[in-house]
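Spelled out, the chains give:
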Amino acid sequence: MTQFAVADGQLLIGNLPLERLAARVGQTPFYAYDRGLIASRVAELRAVLPPAVKLHYAMKANPMSAVVDLLAGLVDGIDVASAGELKIALDAGADPHDISFAGPGKRAGELRQAVAAGVLVNLESFREVGLLAAISAELGVAARVAVRLNPDFELKGSGMKMGGGAKPFGVDAEEAPRLLAEIGAAGLRFEGFHLFAGSQNLRAEALCEAQRQSWALARRLADCAPAPVRVLNLGGGFGIPYFPGEQRLDLAPIGANLAELAARAAAEMPEAQLVIELGRYLVGEAGVYVSRIIDRKVSRGQVFLVVDGGLNHHLSASGNFGQVLRKNYPVAIGNRMEASERETVSVVGPLCTPLDVLAERMALPPAAPGDLVVIFQSGAYGASASPQGFLGHPAVIETLV
Ligand SMILES: *Cc1c(COP(=O)(O)O)cnc(C)c1O
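Just so you know, these numbers come straight off a predicted model, no measurement behind them.

## Some words on the packing of helix α6 (residues 126-139) against helix α7 (residues 176-186)
Then step 1. It is at 10 Å that the axes of α6 and α7 come closest, and there the two elements cross at 5 degrees. Taken together, α6 and α7 sit at an angle that is classed as roughly parallel. Residues F126, V129 and A133 of α6 touch α7, and the partners they reach there are R178, L179, E182, I183 and A186.
Then step 2. The residue makeup of the contact of α6 with α7, split by class, is six nonpolar, no polar and two charged.

## A word on the site of the ligand
Then step 1. Looking at the ligand, there are 13 residues lining it, with K60, S199, E277, R280 and Y381 nearest.
Then step 2. A distance of 2.8 Å is found between an oxygen atom of the ligand and a side-chain nitrogen or oxygen belonging to K60.
Then step 3. At a separation of 2.8 Å, an oxygen atom of the ligand approaches a polar backbone atom of R280.
Then step 4. For the ligand, the protein covers 93% of the area, taking 390 Å² as the surface of the free molecule.
Then step 5. Breaking the shell around the ligand down by element, the ones donating at least two residues are β13 (198-201) and β15 (273-278).

## What to know about the domain arrangement of the protein chain
Then step 1. Structurally, the protein chain comprises domain 1 (6-32 + 285-400) and domain 2 (63-278).
Then step 2. Placing the centre of domain 1 and that of domain 2 at their C-alpha centroids yields a distance of 35 Å.
Then step 3. Taken together, the contact pairs 12 residues of domain 1 with 11 residues of domain 2.
Then step 4. Between domain 1 and domain 2 lies a buried interface of about 1100 Å² when both sides are counted; carbon and sulfur atoms form 65% of it.
Then step 5. For the domain 1 face of the interface with domain 2, the top three residues by lost area are E285, Q377 and L400, together amounting to 43%.
Then step 6. Across the contact surface, domain 1 and domain 2 share one salt bridge.
Then step 7. For R248, the salt bridge is made with E285, and the minimal N-O distance between the two is 2.9 Å.
Then step 8. Tallied by class, residues from the side of domain 1 that touches domain 2 come to four nonpolar, five polar and three charged.

Reading the values: the criteria
All residue numbers here refer to positions counted from 1 along the written sequence of the relevant chain. Totals for whole chains, interfaces and linings use every residue, but because this is a predicted model, local features are given only for residues with pLDDT of at least 70 and side-chain atom pairs only at 80 or more, for both listing and counting. Water and hydrogen atoms play no part in the side-chain values, which are based on all heavy atoms of the structure. Angles shown run from 0 to 180 degrees and are taken between the N-to-C directions of axes, each axis being a line fitted to C-alpha atoms and, for helices, limited to the stretch in contact. Going along the chain from the N terminus, every DSSP run of H or I of four or more residues is numbered as a helix, and every run of E of two or more is numbered as a strand. The labels follow the angle: roughly parallel below 35 degrees, roughly antiparallel above 145, roughly perpendicular from 65 to 115, and oblique for the rest. Should any heavy atoms of two residues lie within 4.5 Å, those residues are counted as being in contact. As a working rule, the residues Ala, Val, Leu, Ile, Met, Phe, Trp, Tyr, Cys and Pro are called nonpolar, Asp, Glu, Lys and Arg charged, and the rest polar, with Gly in that last group. Neighbouring residues are identified by heavy atoms, a residue being near a molecule or strand if any of them is within 4 Å of it. Under this definition, polar contacts are N or O atom pairs within 3.5 Å; protein pairs additionally need one hydrogen-donor-capable and one acceptor-capable atom, and for neighbouring residues in sequence, both atoms have to be side-chain atoms. Here, Shrake-Rupley sampling with a 1.4 Å probe gives the accessible areas, and only protein chains in the shown set may cover a residue. How far each domain reaches was decided by an automatic or database domain assignment. Accessible area, probed at 1.4 Å, shrinks when two parts are joined; the buried area is that loss added up over both. Each reported salt bridge corresponds to a side-chain nitrogen of Lys or Arg within 4 Å of a carboxyl oxygen of Asp or Glu.

Have a look at this one:
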């Protein structure tokens, strides 16, 4: 992976040779996130996005507080999906005005915290209207709400579809007029719409089409809204390449498409701020997972490198986080980056289950116990998306370098 430099055979993370970083962390396994790479990713996006479109960080991709602190200073808002994430975003100093809270099953207590904090609640159910009205009356603070729509279209080519058809997320577009009427009657502060059609998409044209359809749907529904649309969150879904043959997302057409939509919004929905919300795209490529080889075993001619962490820390790389077919993430022996020899090996974790595979039959430099295995593309859906208690091994450490 080209985003990290190499010196004297060692991968450099934030300019630190990997062995030195491992010594600094004090243990393996660990995740390391490169703050320079996160900042340059935001800068690349800013260069392409029209200034009228705001950039939010969807923090479920990586909720480590140091990462959220860093991003809170670089983006225009944070999207949270629980009261736990809300606390991290507020502690990071994000402006409550620019925090939004989505999720299909918000508890009454979480809604109360969100209203008290003054953040925008993405309303996803008729149930939330009554709860928010009662909370507003109790706290003397009008709840700020946007309607999360389950659109009548799908985002083609997404790793995970989160809109279109029957979904637990948002309110079906055809039910929205009735919901908007209830919001008006309940006296909630209506601010706009939120759509999120899917995740991990590498096809610019599919993303542009979903953005255009989202715009059109919001434009239609704005006529039934109890107040002018001030926020139109068009979602995200920008993917990163994980597997051989995957092409990097082409941002230029997305920037052009958003510029067109921003111009239409300025004319037809003049109070509306357009927003996109990205998780994986901002942090995924800036992170690595590092484990140390404990054992090297040969079974009937196949080499297994057994490392000190596996799916308990990195469920995604094991192929068990929503993938249909298991494929190898990019992997390296991080202290032998300049070796030219290759052998075919499988990298497995220490858990007593055949699911604990980090790399299956990959060509890697010959490696031995003590060497460091690096899994790239690990900055999103890593530590917080893994079952750390499974089999009782030590927890993983995360560091921002
Ligand atoms: C998960 C999620 C995101 C982030 O998705 P990425 O693929 O990480 O960019 C954004 N918005 C909502 C509503 C989500 O549920």
